[in-house]
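# Structural features, examined
Listed below are the residues making up each chain.
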Amino acid sequence: MLTFAAGPSKVYEALPHYLNDAYTQGILSANHRSSVFMSLYEETEQLMKEKLHLPENYQLLFTSSATENWEIISQSIVQSASFHVYSGSFGKKWIEFAKYILPHTDGIKIQANQVIDVPNLEIEERFDLIAITQNETSNASQVSMDYLEAIREKYAKKLIAVDTTSSMGGIELRFELADIWYASVQKCFGLPAGLGILILGPKAKEQTLQKGERGRYNSLTFMLENAASYQTHYTPNVLGIYLLNRVLQDIPEIQHTDKSLRERMLKLETCIAQTSSLRLLVDNELSRSTTVLGVSGPEELITRVKKEAEKQGMQLGSGYGPLKPTSFRIANFPAITDAEIDRLIAFLSTY
Ligand SMILES: *Cc1c(COP(=O)(O)O)cnc(C)c1O
């Protein structure tokens, strides 16, 4: 069954080969204080710089998931409170976790079809971090780099944290526009779940050291102390890190992936526009995701399309949360081949 679910998603076809290499190379039993592990970590960070254009002074850290990163940011980085701009379920979960840790957390909810109105955005002095869900997987919307740049310019003194769980590795991100970026590997990296990526810029590192929070198993201070020598503070997911390393070696530089995903998304959107009763979940092209396509329609039709797709060996991603009955989602992730997208388009064109 070919899955178009937006996470866990289709893994790279080279995965069995990587797994076999991991076993035969003995990396799975390597101690995380050994030079073998330290070189793997260092090389993976270097590959993020080469392939994803992570700036030289940004640091790669490993966590267990994007969800864990929500807590780490509030616990170890935010001084007084974060301000969240969000439109869907993942952004909502983030603000809820943040509020639990720091009760003065606040934010605004926008619609999936809306772009952030930066000139009229009012964020008070007391918020020291702005939290943005760059790609909202639940409703297939995104905040493009232009809006992030405008927020950066308007609030140069505040830290910016960006959830790119379902876009990092798929689209070109301008890392210098924010201080904290995070993702999970089961989306655009085409890998099995169980590894979170956390990236910190210099301002975020500085504020972490100032805060000096060090009481928890995942206190960022511990992570940074260990990362200084390419180690981790607890026994990490070495297999996940190895697989990430192999994927980064094999993928093209991000601008090429970015371009091909945009072209494919345009083909998918055109196909949906030509059907008689299916619609794009997000009409506004300025807020529409590049890596996740949301399709809406009458409940009966959505059920029928999903069932028929399954009969043809294709699994469409279900709608998320409140959108579940009246929509489905398609991951436009790099591990899905052009031929597979064409096959899906041929199927969807019959509606
Ligand atoms: C999938 C997803 C998450 C959660 O990722 P986990 O690895 O399951 O913690 C968070 N935010 C967004 C935008 C996501 O797509």
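Our subject is the structure listed above.
Here the structure is a predicted model, which is why all the values come from computation and not from measurement.

The next subject is the nonpolar core. By size, the foremost hydrophobic cluster in this structure holds 80 residues, and its most contacted members are Met-168, Trp-181 and Ile-199. No other element matches the 7 residues that helix α8 (residues 238-250) contributes to this core. Apart from residues no more than four positions distant in its own chain, Met-168 is found in contact with Met-48, Leu-52, Leu-173, Phe-175, Trp-181, Tyr-182, Ala-183, Cys-188, Phe-189, Ile-197 and Ile-199. Counting residues in each nonpolar core, the second largest holds 31 residues, with Met-265, Leu-293, Leu-348 and Tyr-351 among its members.

On to the site of the ligand. Taken together, 13 residues surround the ligand, and among them Thr-67, Thr-137, Asp-163, Ser-184 and Lys-187 come closest. Here an oxygen atom of the ligand sits 2.6 Å away from a polar atom, N or O, in the side chain of Thr-67. Contacts to the ligand include Thr-137, whose side-chain N or O atom sits 2.4 Å from an oxygen atom. For the ligand, the accessible surface in isolation is 390 Å², of which the surrounding protein chains cover 87%. The element that contributes the greatest number of residues to the shell around the ligand is helix α3 (residues 66-77), accounting for 3 residues. Counted by class, the shell around the ligand contains 3 nonpolar, 8 polar and 2 charged residues.

Compared with an ideal rise of 1.5 Å per residue, which puts 13 residues at 18 Å, α8 spans 19 Å between its outermost C-alpha atoms and is within 8% of the ideal. Looking at the buried residues of α8, the elements they touch are α1 (15-24), α2 (35-52), β2 (59-63) and β10 (196-200).

As summarised here, the arrangement of the 7 strands in space is β2-β10-β9-β8-β5-β3-β4, forming an open sheet in which the pairing is mixed. The open sheet is flanked by β2 and β4 (106-109), the only strands paired with a single partner. Neighbour to neighbour, the strand axes of the sheet diverge by 20 degrees on average, direction disregarded. Note: strand β3 (residues 82-86) against strand β5 (residues 129-133), 4 bridges, orientation parallel. Across the sheet, His-84 pairs through a bridge with Ala-131, a residue of β5. Across the face of the sheet, helix α5 (residues 145-154) comes into contact with β5, β8 (159-163) and β9 (180-184) while running at roughly 160 degrees to β8.

Our next topic: a nonpolar patch on the surface. A cluster of nonpolar side chains, Leu-19, Tyr-23, Leu-28 and Leu-239, forms an exposed patch at the surface whose accessible area comes to about 380 Å². Relative to the helices and strands, Tyr-23 is located in helix α1. By relative accessible area, which is 63% here, Tyr-23 ends up exposed.

A separate point is the layout of surface pockets. Put simply, the largest pocket is a space of about 360 Å³. Taken together, 17 residues line the largest pocket, and the ones lying closest to its centre are Gln-142, Arg-262, Glu-285, Arg-288 and Thr-290. At the level of elements, α5 and α9 (254-273) are the ones that each hand at least two residues to the lining of the largest pocket. Across the lining of the largest pocket, the residue classes tally to 5 nonpolar, 5 polar and 7 charged. Viewed by domain, the lining of the largest pocket spans two of them, domain 1 (2-8 + 253-348) and domain 2 (15-250), each represented by three or more residues. Its boundaries defined by the atoms lining it, the second largest pocket holds a volume of some 230 Å³. Lining the second largest pocket are 15 residues, with Ser-87, Gly-88, Lys-109, Asn-139 and Leu-323 sitting closest to its centre. In terms of residue class, the lining of the second largest pocket is built from 6 nonpolar, 7 polar and 2 charged. For the lining of the second largest pocket, the domains that each give at least three residues are domain 1 (2-8 + 253-348) and domain 2 (15-250).

The rules we used
Residues numbered from 1 in each chain as written. Predicted model: local features only at pLDDT ≥ 70, side-chain atom pairs only at ≥ 80, totals over all residues. Heavy atoms only, no water. Core = buried A, V, L, I, M, F, W, Y, C linked by side-chain atoms within 4.5 Å. Buried < 20%, exposed > 50% of the residue type's maximum accessible area, 1.4 Å probe, protein only. Helix = DSSP H or I, 4+ residues; strand = E, 2+ residues; numbered from the N terminus. Contact = heavy atoms within 4.5 Å. Near = heavy atom within 4 Å. Polar contact = N/O pair within 3.5 Å; in protein donor to acceptor, adjacent residues only side chain to side chain. Areas by Shrake-Rupley, 256 points an atom, 1.4 Å probe, with all protein chains shown as cover. Nonpolar A, V, L, I, M, F, W, Y, C, P; charged D, E, K, R; others polar. Expected span 1.5 Å × (residues − 1). Pairing = 2+ DSSP bridges. Axes fitted to C-alpha atoms, helices over the stretch in contact; angles between N-to-C directions. Patch = residues over 30% accessible without salt bridge, like charges linked within 9 Å, V, L, I, M, F, W, Y side chains within 5 Å. Salt bridge = Lys/Arg side-chain N within 4 Å of Asp/Glu carboxyl O. 1 Å grid on protein atoms, 1.4 Å probe; cavity = no way out; pocket = protein on both sides within 12 Å on 5 of 7 lines; lining within 4 Å. Points joined across faces, edges and corners; volume = space filled by probe spheres on them. Domains from an automatic or database assignment.

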